[in-house]
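Okay, here's what each chain looks like letter by letter:
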Amino acid sequence: MEWKVDREADKPLYQQIFEYIEEKISYGEYPPGSLLPSERKLAQQLNVNRMTIAHVYDELQASGLVERKKGSGTRVSSHKWGILPKGVTNWRKYIEGGSFIPSYPLIRRIRGEAKVMEGGYNLASGKLSSDLFPTDYLQSILSEYTFPTDLGYEHPQGLLSLRETIASYVKTYHNIHTTSSSVLITSGAQQALHLITQCLLNPGDAVAIEAPSYFYSLPLFQSAGLRIFGLPVDSEGMNPDDIMTLYKKHKIRMIFLNPTYHSPTGAILSSTRRLQVLEIAAELGIPIVEDDPVSLLSFDNEQHSPIKSFDRNGNVLYVGSLSKVIGSSLRIGWLIGPQSVINRLADAREQIDFGLSVFPQIIANLLLQSSEYPKHLEFLRQELLERRNEMLSALQDLLGDKIEFTIPKGGFFIWCKLNKSVDDQKLVEAGIKHKILFMPGSVYGSPNGYVRLTFAHLKKESIRDAVSQFAEVLNQV
Ligand SMILES: Cc1ncc(COP(=O)(O)O)c(C=O)c1O
């Protein structure tokens, strides 16, 4: 085969190969019904991993360009709906043209690989490992539960009993005082962030986020037409004085913060700074969105009171979630804020999908009310602490002189600075070759040369091997 992938290009390999095959189909070189080479053969011809070709074929199938049948290979569709010049809608143009921006290519690449990778280790995922879910106690709670007979539309703010439970939960665990009418149940923290950006801000508005930040990895800010500005994070989180400077320059309209065990750095915003941020935001009359998914996962018994717990003026929109403490597929999150804001967002929620299904809400309510829940939290903290220590010791032993890191006091992640200059894209591709996935810093807006490693997604006994694979990758790039 004359054509070759360009390993120096910014474009991921799978996308280059996708476009190459798409072009061949559109030129009639691969006519409708014709058989494409097998994954193995094409991988050999192009000198790429077979998984990359599997991913390309999956994407071609999703675009309707090819059809795949078990045992008879991959054929060009008889109806090439993606590329026919006349009479047929060119869906690709629509798919690429919508106002909701797709995920960043590097993130899609990592997530795509995570779905197809056989064996190997995923240090990129923000998901708990399978042995950390409270499956047994969930099973026992559910077996005793009688499901309701009323399955009509629920309140768009969420099930009242769960909102009451959340109000008491945030009081017990975070010293946040609220009532059920100021709580909106969302499909994870993610949806709360989406509703805020869509309903409370306008295209062109400037917002502040930490730099680096998990928020940077979400194109939903750009999809809402927002201009995002980073406030650098040091060991005590972001510096409140920077908010004022940024405001003078760009008239920011909202501040998004993840103050406790910040993703990706693990930093904790100091209590002095929490109060300063609250004061400055009040002075400027701009709200703070406080994203707080992991603050209960502390490794040193220290509790860091959320900024919301000091807020007496309703300036903070507080976002919580069960994803990191129970399981992300439950899709239970919440937003706490002034009632007028909650009503506005609940109205949007009603327009979008009439609110969250009642079933995960019932399950969440049972779990949070159960006397087992505090025991589960304790178990989780202990397990995560052991996994963190295992990863720290492996990093120290295997990569001591090649990386620097600070020890996270809670949460899921270790943020590493590499002592050599590497291109993130090449690093990720080399990782994929070695079946090891991790999040490069650039997806959080940091320069090349940083990675976020998750210790929560692997069992303890696999962590050293995973770090050793990662070390191998670093040696080779
Ligand atoms: C800092 C942070 N905020 C929010 C989220 C979204 O969580 P959820 O699953 O509740 O939507 C994540 C997920 O990884 C996260 O790391």
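Residues numbered from 1 in each chain as written. Predicted model: local features only at pLDDT ≥ 70, side-chain atom pairs only at ≥ 80, totals over all residues. Heavy atoms only, no water.

*Asks:* Could you give an account of the pattern of salt bridges, naming the residues involved and the relevant values?
*Replies:* Using the criterion set out here, one finds 20 salt bridges in the structure. Of the charged contacts, one joins Arg 50 and Glu 39 as a salt bridge, the two residues approaching to 3.4 Å between their closest N and O atoms. One end of the pair, Arg 50, is in helix α3 (residues 50–62); the other, Glu 39, is in helix α2 (residues 39–46), with 11 residues separating them in the sequence. Given a relative accessible area of 18%, Glu 39 falls into the buried group. Bridged by salt links that share partners, the residues Glu 39, Arg 50, Asp 58 and Arg 68 form one connected network. (Salt bridge = Lys/Arg side-chain N within 4 Å of Asp/Glu carboxyl O. Helix = DSSP H or I, 4+ residues; strand = E, 2+ residues; numbered from the N terminus. Buried < 20%, exposed > 50% of the residue type's maximum accessible area, 1.4 Å probe, protein only.)

*Asks:* Let's hear about the site of the ligand: which residues, and what values?
*Replies:* Taken together, the residues surrounding the ligand are Gly 188, Ala 189, Gln 190, Tyr 214, Asn 258, Ser 263, Asp 291, Pro 293, Ser 321, Ser 323, Lys 324 and Arg 331. One nitrogen or oxygen atom from the side chain of Ser 323 is found 2.6 Å from an oxygen atom belonging to the ligand. Here Lys 324 contributes a side-chain N or O atom positioned 2.7 Å from an oxygen atom of the ligand. Surface burial for the ligand is 91%, taken as the share of its 400 Å² of free accessible area covered by protein chains. Here the shell around the ligand takes three residues from helix α8 (residues 188–199), the largest share from any one element. Residue classes in the shell around the ligand are distributed as three nonpolar, six polar and three charged. (Near = heavy atom within 4 Å. Polar contact = N/O pair within 3.5 Å; in protein donor to acceptor, adjacent residues only side chain to side chain. Areas by Shrake-Rupley, 256 points an atom, 1.4 Å probe, with all protein chains shown as cover. Nonpolar A, V, L, I, M, F, W, Y, C, P; charged D, E, K, R; others polar.)

*Asks:* Hey, could you go over the packing of α3 against helix α5 (residues 105–116) for me, with residue numbers and the actual values?
*Replies:* Relative orientation of the contacting elements α3 and α5 amounts to 105 degrees, with a least axis distance of 10 Å. Comparing their axes, α5 and α3 come out roughly perpendicular. Listed contacts from α5 to Met 51, Thr 52, His 55 and Asp 58 of α3 are Arg 109, Gly 112, Glu 113 and Val 116. Tallied by class, residues from the contact of α3 with α5 come to two nonpolar, three polar and three charged. (Axes fitted to C-alpha atoms, helices over the stretch in contact; angles between N-to-C directions. Parallel < 35°, antiparallel > 145°, perpendicular 65-115°, else oblique. Contact = heavy atoms within 4.5 Å.)

*Asks:* Quick rundown of the environment of Leu 269? Include the residues and the values.
*Replies:* Among the structural elements, Leu 269 can be located in the loop between β8 (254–257) and α11 (271–284). For the pair formed by Leu 269 and Pro 240, sequence separation is 29 residues and the distance between their alpha carbons is 10.0 Å. Not counting residues up to four positions away in its chain, the partners in contact with Leu 269 are Glu 236, Gly 237, Met 238, Pro 259, Arg 274, Val 277 and Ile 307.

*Asks:* Quick rundown of the domain arrangement of the protein chain? Include the residues and the values.
*Replies:* Split into domains, the protein chain comes out as domain 1 (13–97), domain 2 (105–128 + 375–476) and domain 3 (147–371). Listed per partner, the contact involves seven residues of domain 1 and nine residues of domain 2. In total, domain 1 and domain 2 occlude about 730 Å² of area from one another, counting both sides; carbon and sulfur atoms represent 54% of this. When the buried surface of domain 1 facing domain 2 is broken down by residue, Tyr 14, Met 51 and His 55 rank first, second and third, together holding 60% of it. On inspection of domain 1 and its partner domain 2, the count reaches zero salt bridges. The interface formed by domain 1 and domain 2 holds zero residue pairs in polar contact (both at pLDDT 80 or more) in total. Contributing elements (two or more residues each) for the side of domain 1 that touches domain 2: α1 (13–26) and α3. (Domains from an automatic or database assignment. Buried area = accessible area lost by both parts, 1.4 Å probe.)

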